[in-house]
Amino acid sequence: MSITTMLTLMVSSMLIYAAPLIFTSIGGVFSERGGVVNVGLEGIMVMGAFSGVVFNLEFAQDLGALTPWLALLVGGLVGAIFSLIHAVATVHFRADHVVSGTVLNLMAPALAVFLVKVLYNKGQTDNLTQTFGRFDFILVPRPAARIMIEVLLFIFKPFNVKNFADCSKKWQTFFLI
């Protein structure tokens, strides 16, 4: 396997799994620009993900292949509704932004576990045996990742793997001894 293929696979996987965190950080930037310290972004993300999974489990038989996309919209809507708790607490009741966000972060996972126990009568995953649908990510990010890798290889053209290995060995001998 060549280094280009390996880096392409690695970057495409990173883009797939990092997308929720990237979108969450963009939301954090927007809230910071608006003057609100939104520490509760993780809690909002947990509630959105939880509601998306529950929607997918409940409506997968009825909606078929459309279910994951609708679950994405439901998760975003529930996240927006859950963020209203933070907005009302900080704007209307003048609560501290950090305290309100911390409450969201502490409340969301506990609420998700509680609702799983209420909805499925068990906190274990053996009741959740349905498939969640399938997103086909194979063709979407790889061309973009390949272009990014080729641009990076063009920028660092004089840099080669042998020089990197030599620098790595020197760094290890310098810091580990």
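Residues numbered from 1 in each chain as written. Predicted model: local features only at pLDDT ≥ 70, side-chain atom pairs only at ≥ 80, totals over all residues. Heavy atoms only, no water.

Draft legend 1. Fine view of helix H4 (residues 97–120). Its 24 residues place the ends of H4 34 Å apart at the C-alpha level, agreeing with the 34 Å of an ideal helix rising 1.5 Å per residue. Along its length, H4 shows its largest kink, about 25°, at Met-107, and proline Pro-109 lies within four residues downstream of that point. Buried within H4 are the following residues: Ser-100, Gly-101, Leu-104, Ala-108, Ala-112, Val-116 and Tyr-120. At its buried positions, H4 is contacted by helix H2 (41–63) and helix H3 (67–92). (Helix = DSSP H or I, 4+ residues; strand = E, 2+ residues; numbered from the N terminus. Expected span 1.5 Å × (residues − 1). Bend = angle between axes of the 7 residues up to and from the residue. Buried < 20%, exposed > 50% of the residue type's maximum accessible area, 1.4 Å probe, protein only. Contact = heavy atoms within 4.5 Å.)

Draft legend 2. Layout of the confidence of the model for the protein. In this model, the protein carries an average pLDDT of 77, and 69% of its residues clear a pLDDT of 70 or more. pLDDT under 50 marks residues 135–141. Its contacts with residues more than four places away, or in other chains, come to five contacts. A low-confidence stretch, residues 170–177 (pLDDT under 50), is modelled with two contacts involving residues beyond four sequence positions or located in other chains. (pLDDT = per-residue confidence, 0-100.)

Draft legend 3. Main features of the packing of H2 against H4. Put simply, H2 and H4 touch, their axes get as near as 7 Å, and they point 20° apart. Relative to H4, H2 is oriented roughly parallel. Handedness of the H2/H4 crossing: left-handed. For the pair H2 and H4, the contacting residues are Leu-41, Glu-42, Gly-43, Ile-44, Val-46, Met-47, Phe-50, Val-54, Leu-57 and Glu-58 in the first and Leu-104, Asn-105, Ala-108, Pro-109, Leu-111, Ala-112, Leu-115, Val-116, Leu-119 and Tyr-120 in the second. When the residues that make up the contact of H2 with H4 are grouped by side-chain class, the tally is 16 nonpolar, two polar and two charged. (Axes fitted to C-alpha atoms, helices over the stretch in contact; angles between N-to-C directions. Parallel < 35°, antiparallel > 145°, perpendicular 65-115°, else oblique. Left-handed = near helix turned anticlockwise from the far one by under 90°. Nonpolar A, V, L, I, M, F, W, Y, C, P; charged D, E, K, R; others polar.)

Draft legend 4. Structural detail: the environment of Ala-60. Position of Ala-60 among the secondary structure elements: in helix H2. For the pair formed by Ala-60 and Ala-71, sequence separation is 11 residues and the distance between their alpha carbons is 9.7 Å. Setting aside residues up to four positions removed in sequence, Ala-60 forms contacts with Phe-55 and Thr-67.

Draft legend 5. Layout of the packing of aromatic side chains. Under the counting rule described, the total for this entry stands at one aromatic pair. Their ring planes at 40° and their centres at 4.8 Å tell us that Phe-55 and Phe-59 sit as a pair that is tilted. Here Phe-55 pairs with Phe-59, and both are found in helix H2, just four residues apart, close to one helical turn. By relative accessible area, Phe-55 is classed as buried at 16%. When its relative accessible area of 36% is taken as the criterion, Phe-59 is described as partly exposed. (Phe/Tyr/Trp six-rings, centres within 6.5 Å; stacked < 30°, edge-to-face > 60°.)

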